[in-house]
Amino acid sequence: MAKKRKSEASGSGKLKQTTIAFTKKSEHTAAAGGVAPQKQPNPPATAAAAIPSTAAASPAVAPAAAAPKLVAATLLFEEFQVIPLLEPGAAHQLENHADAYKSAWADKCAARGAAACKRGSGDKLGKTDLDGSGIQFIESCKTTLQQAFRRGVGLQRKVLDVLVLMLRNDMVHEHPQISRQAYSLLSSYLQRYPAVSLAQNEEGRPVVVTSMQRLPQFSSADPSDRLKHTANFWSSLEDNRRSFTCDYLLTADIEVSGSNYKLATGGTEEHRLDRRKQLRTPFDLLLCLFKEAADSDTHNWDGDLLMLHYLLTVLSQDLRCRLTVFDAYAEEASRNDAIQKKRKTLLENSLLWRICEDALVGPDTKLELMRVVMQLVSTAGSAALEALDCSDGSAAGSGNQQLDLPALKGPGDVEMASAAAACIFTKQQLGALAARFLRMQLELFGAVEAVGAFHCTSRSRSTGLNLRMQLDQQMLLCFWGKEAVCVNDELSRTFLRCLPPRDRMRLLGLLVAQTFQSTYKEWLDMHTRLPELKRAAHLLQHGGEAEGFLDVNMLQAVQSITKDRSRAIKVYRNINLLSFVVASIALTLHALAANGPGETLLSEGSPVLGGGSVADLCSELHTALKGLVDRSSEQGLLLGDQSKLELVHAQMALTALAH
């Protein structure tokens, strides 16, 4: 996107800052630090001219007809804060320890070859003291980091690379505390220099601030060189050029990667690198880490799980800030297409968007990750919900939470050895991490769908594929059917409870619409009576060009069940599955009503219910619940105890809504 830039005058003793006004999209993402070279813009207009909706009238302000153009040209959504680096002399010893650790890692992995490493078995094939090198680096990094924080400066990228390498090296180390100390240092650095934060502009409106290590230079022929200068480790995962991160950390097997590093730095002209475990994209890395989380019952993947937690913290940090700015300009965007487009572009520049929409990430890979995520969420139990209910709304163990770890003393430290067998994450916490990642995707793509970016006639059109609807398709495949991850009602209930109420209602509505579309094709009368349900099924099947956020008409969804209850029982395979669907809709309706201020649920023609009436929906749900009980008694259908209990809860929820 084209951008305008202004910098502090040279010679200033303060940190330089670069502010950017998004005017239109280009091929490079500004959130990674890119600033297109342009002429210096004219001085900004007054606050009154910049934001007519909030500023007082003034004779100097341009006429009202020109105001929208002026806003689009001057309104700032994102700034860049430059973090100076610690001078080379002060970090010389730390960099030497970093090189020594990488060398020890390569030697140990090369000696072990491809053999699996079991903690406590000892290094029988080599005598490299990897743990000793790690302890030296950790202690040196602590001292240097304290100096850097006092001076307000950052560390070189190679230092962060080695800290991440220590996380992934957990299975190579003899003692787990080295990786955990590396995680603590990474978390401290991220807390002091967040990848993305919020600030206020001159009008008091929120602005996204992205940290960088130095001002990008655009004299290079390759604009992607800017990625090397961002202050956060994650951005290097997007750099497809050769780098230590992409060549040796973006891998499914850190030992094979260490052997490759040994070959690459051995000075030989020809060496055969094993690239079979190499991952192509950051999305593939997330899939690998989530698979290890699902396998944590039988293997100790503590280092990679800490890596997963760290990466999700960065993604959440970036998305939360962008959504705050996105929401702050909702009123102006409703009257100004240029601002609406800039809001959409701000979200498209998020780390999560760029990672999920990498051209190398195919639909099968996305579906595979969805299966693993839903497996973690559904098997975590109700305790996963409690882990989500922390103060910042994210999973347990947020980026601000530091691990209470014993101090490093040496490889023979008793405290370190006694902690070797303990897994740092519980099953519930891993489920909460997976739910956190899924919620971030739903919120991001749902917000973009809401501004009409997936509709063919929208001026803010983003892409030909509705990415939010793609998530619905993936969830339905894993939630319902022969190949579902949720193989029983209990797993399905757990998964539904982890979704926000509006997304839960949408998924249930699309489930009914999909079933309706495939079952009642020949019933033209039903299609005529339920046009909104037919439309939702069409959008789901074809990837959906929704004009806004799609809320299924839930009144018509329930009517498709009550019109012919006998056939509905056959369609949903048995009465227990049908009662699960109906009761879930009633309980979700109650959850929406109790969701707090800001919901327009109780208004007539509620958009959250696809335009249906709350009173009519409650009445139809009462009819459906009564019909299920009557049908069970008349035909002797076996209604399970759990289904009976759920029907009672649903009836109580509807009664509470009536009052």
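Keep in mind the model is a prediction, meaning the values are calculated, not measured.

Scoring rules and cut-offs
Residues numbered from 1 in each chain as written. Predicted model: local features only at pLDDT ≥ 70, side-chain atom pairs only at ≥ 80, totals over all residues. Heavy atoms only, no water. Helix = DSSP H or I, 4+ residues; strand = E, 2+ residues; numbered from the N terminus. Buried < 20%, exposed > 50% of the residue type's maximum accessible area, 1.4 Å probe, protein only. Contact = heavy atoms within 4.5 Å. Areas by Shrake-Rupley, 256 points an atom, 1.4 Å probe, with all protein chains shown as cover. Expected span 1.5 Å × (residues − 1). Pairing = 2+ DSSP bridges. Phe/Tyr/Trp six-rings, centres within 6.5 Å; stacked < 30°, edge-to-face > 60°. Salt bridge = Lys/Arg side-chain N within 4 Å of Asp/Glu carboxyl O. Core = buried A, V, L, I, M, F, W, Y, C linked by side-chain atoms within 4.5 Å. Polar contact = N/O pair within 3.5 Å; in protein donor to acceptor, adjacent residues only side chain to side chain. Axes fitted to C-alpha atoms, helices over the stretch in contact; angles between N-to-C directions. Parallel < 35°, antiparallel > 145°, perpendicular 65-115°, else oblique. Nonpolar A, V, L, I, M, F, W, Y, C, P; charged D, E, K, R; others polar. pLDDT = per-residue confidence, 0-100.

1. Re the overall build of the protein
Looking only at helices and strands, the protein features 27 helices and five strands. In the protein, which comprises 659 residues, the share counted as buried stands at 56%. Once local pairs closer than 6 in sequence are excluded, the contacts in the protein between residues at least 24 apart make up 74%. Surface exposure of the protein reaches about 28,200 Å², of which carbon and sulfur atoms provide 51%.

2. Looking at helix 10 (residues 302–328)
Given a rise of 1.5 Å per residue, 27 residues ought to cover 39 Å, and the 39 Å separating the end C-alpha atoms of helix 10 matches this to within 8%. Within helix 10, 22 of the 27 residues are buried, which leaves it mostly tucked inside the rest of the structure.

3. Things to note about the pairing of strand 5 (residues 206–212)
The buried fraction of strand 5 is high, at seven of seven residues. As paired strands, strand 3 (residues 78–82) and strand 5 are joined by five bridges and run parallel to one another. Along strand 5, the bridge assignment pairs V82 with M212. Pairing of strand 4 (residues 196–200) with strand 5 involves five bridges; the strand directions are antiparallel. Note that in strand 5 the partner of Q200 across the bridge is P206. The antiparallel pairing of strand 4 with strand 5 creates a hairpin that spans five residues between the two strands, and G204 there sits at a positive phi of about 80 degrees.

4. Topic: helix 17 (residues 427–450)
Turn by turn, an α-helix covers 3.6 residues, leaving residues three or four places apart pointing in a common direction. For helix 17, with 24 residues, the first-to-last C-alpha span of 34 Å sits near the 34 Å given by 1.5 Å per residue. For helix 17, a buried count of 18 out of 24 residues is recorded, marking the element as mostly surrounded by other parts of the structure. Among the residues trailing helix 17, G452 stands out with phi positive, at a value near 80 degrees.

5. Quick notes on the side chain of D503
Mapping D503 onto the fold places it in helix 20 (residues 501–519). Since its relative accessible area comes to 11%, D503 is described here as buried. Not counting the four nearest positions on each side in its chain, D503 is found in contact with L442, R468 and F549.

6. Overview of the packing of aromatic side chains
Counted by the stated rule, this structure contains 11 aromatic pairs. For the ring pair Y189 and Y193, a centre distance of 5.4 Å and an interplane angle of 65 degrees mean the geometry is edge-to-face. Across this residue pair, the class does not change: Y189 and Y193 are buried. Members of the aromatic cluster, joined through ring pairs, are F479, W480, F495, Y572 and F580.

7. Re the pattern of salt bridges
Scanning the entire structure with this criterion turns up 24 salt bridges. Look at the salt bridges and you will find they share partners, linking E449, R468, D472, D503 and R506 into a network.

8. Observations concerning the nonpolar core
With 169 residues, the main nonpolar core has F290, F437 and F495 as its most contacted residues. If one sorts the elements of this core by residue count, helix 10 sits on top with 14 residues. Ignoring any residue separated from it by four or fewer positions in sequence, one finds F290 in contact with L308, L312, L369, V372, V373, L376, L433, A434 and F437.

9. Thoughts on the environment of S296
Inspection of the secondary structure puts S296 in the loop between helix 9 (282–294) and helix 10. Of the residues examined, S296 reaches a relative accessible area of 15% and is grouped as buried. In this structure the C-alpha to C-alpha distance between S296 and L430, which are 134 residues apart in sequence, comes to 9.3 Å. If we ignore the near neighbours within four places in the chain, the residues touching S296 are W301, L305 and L430. Separated by 2.8 Å, the side chain of S296 and the backbone oxygen of A293 make a polar contact.

10. With respect to the packing of helix 5 (residues 157–168) against helix 10
Two elements in contact, helix 5 and helix 10, have axes separated by 6 Å at closest approach and are oriented at 130 degrees. As the angle between them shows, helix 5 and helix 10 are arranged oblique. Within the contact between the two elements, helix 5 uses V164, L167 and R168 and helix 10 uses G303, D304, L306 and M307. Across the contact of helix 5 with helix 10, the residue classes tally to four nonpolar, one polar and two charged.

11. Describing the environment of R151
Topologically, R151 is positioned in helix 4 (residues 130–151). Linking R151 and P84, residues 67 residues apart in sequence, is a C-alpha distance of 9.7 Å. Every residue in contact with R151, bar those within four places of it in the chain, is listed here: L86, E87 and A90.

12. A short note on the environment of K644
Looking at the element boundaries, K644 is found in helix 27 (residues 641–658). Spatially, the C-alpha atom of K644 lies 8.6 Å from that of V629, the residues being 15 residues apart in sequence.

13. A few points about the confidence of the model for the protein
Per-residue confidence for the protein gives a mean pLDDT of 74, with 69% of residues at or over 70. When the elements of the protein are averaged for pLDDT, helix 1 (residues 47–50) gives the smallest value, 30, and helix 14 (residues 363–379) the largest, 94. With pLDDT under 50 throughout, residues 1–73 is counted as low confidence; its partners more than four residues away or in other chains account for 148 contacts. Counting contacts from residues 114–125, a segment whose pLDDT is below 50, to residues more than four positions away or on other chains yields 23 contacts.

14. Considerations on the packing of helix 3 (residues 92–112) against helix 8 (residues 254–264)
Packing of helix 3 against helix 8 leaves a shortest axis separation of 7 Å and a crossing angle of 110 degrees. Considering the angle they form, helix 3 stands roughly perpendicular to helix 8. Contacts between helix 3 and helix 8 involve K102, W105, A106, D107, C109, A110 and R112 from the former and I254, E255, S257, G258, S259, Y261 and K262 from the latter. Tallied by class, the residues present in the contact of helix 3 with helix 8 amount to six nonpolar, three polar and five charged.

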